[in-house]
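Take a look at the letters that make up each chain.
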Amino acid sequence: DKAGNVGTATSPITVYMDKDKPTSGVTFPGAGSTQKAISSVTGTANDAGVGVASVAVALYNITDTKYWDGGGWSNGSTTSWQPVSSGTTNWYYTISNFTGDKQYVIKSKATDGVANAENVGGGITFWFDNVAPAATITNPALSGKNISVLDTIGGSANDTTSAVTLVELNIM
């Protein structure tokens with residue numbers, strides 16, 4: 001100071017500047033997959049700077065145009081971000097409230113220790129299909145009918161969401 005007083009030196013401090021945004025992604029369910037049972041959504045997150053502090057997910061039912069609000073599927077036009085159930089770099093979100101024959105999008109968003117939030121991408125899209133396919137015999141037309149010749153058995157099988165992969169016939 002002007003009077004000639006000299007202060008005591010303090011210990012040096014280190015400051016780390018982190019301007020990099022973290023990244024995250026959904027690992028289960030897989031993009032483009034069809035699932036019949038889900039108890040949780042899983043994913044990973046990474047940050048080269050101070051590390052991942054939190055991860056949130058947003059779930060959207062494309063078929064019914066509804067967002068998951070943490071307790072149910074609701075109408076609206078705003079993404080509802082839910083904190084993951086556990087983890088940061090390897091995380092999961094517990095949810096089993098998917099309805100069959102519907103298509104969904106799941107997005108994840110990581111935030112690092114200095115509040116840098118990632119630029120959220122398009123997420124992953126998948127189908128949830130826990131509804132059995134339907135099969136119908138159309139030829140012969142009448143069940144229980146006595147016939148002497150059966151040269152053709154015909155019918156149809158369909159599934160609203162995924163392709164029917166096998167039809168089995170039991171002749172008694």
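Everything that follows concerns the structure shown earlier in this document.
Just so it is clear, the model here is predicted, and its values are computed rather than measured. (Residues numbered from 1 in each chain as written. Predicted model: local features only at pLDDT ≥ 70, side-chain atom pairs only at ≥ 80, totals over all residues. Heavy atoms only, no water.)

A. Just the overall build of the chain, in detail. Within the chain, the regular secondary structure consists of zero helices and 12 strands. Shown N-terminal to C-terminal, the secondary structure of the chain runs as helices and strands in the order β-β-β-β-β-β-β-β-β-β-β-β. A compact globule built from 172 residues would reach a C-alpha radius of gyration of about 16 Å, whereas the chain, at 28 Å, exceeds it by more than 25%. Over its C-alpha atoms, taken along the principal directions, the chain stretches across nearly 120 × 30 × 20 Å. Sorting the 172 residues of the chain into buried and exposed places 28% on the buried side. Accessible area of the chain: about 11,200 Å², with a carbon and sulfur share of 50%. For the chain, the centre of its 9 positive side-chain charges and the centre of its 13 negative side-chain charges are spaced 6 Å apart. (Helix = DSSP H or I, 4+ residues; strand = E, 2+ residues; numbered from the N terminus. Rg over C-alpha atoms; globule rule 2.2 N^0.38 Å. Buried < 20%, exposed > 50% of the residue type's maximum accessible area, 1.4 Å probe, protein only. Areas by Shrake-Rupley, 256 points an atom, 1.4 Å probe, with all protein chains shown as cover. Lys, Arg positive; Asp, Glu negative; His and termini not counted. Charge placed at Lys NZ, Arg CZ, Asp CG, Glu CD.)

B. Spotlight on the environment of T99. If you trace the backbone, T99 turns up in the loop between β8 (90–94) and β9 (102–112). Taking the relative accessible area as the measure of exposure, T99 reaches 40% and is therefore partly exposed. Taking the C-alpha atoms as reference, T99 lies 9.8 Å from K36; in sequence the two are 63 residues apart. When neighbours within four sequence positions are excluded, T99 is seen to be in contact with Y104 and F128. (Contact = heavy atoms within 4.5 Å.)

C. Structural detail: a nonpolar patch on the surface. Residues I137, I147, L150, I153, L169 and I171 make up a contiguous nonpolar surface patch of about 560 Å² in total accessible area. Residue placement: I137 occurs in strand β11 (residues 134–139). (Patch = residues over 30% accessible without salt bridge, like charges linked within 9 Å, V, L, I, M, F, W, Y side chains within 5 Å. Salt bridge = Lys/Arg side-chain N within 4 Å of Asp/Glu carboxyl O.)

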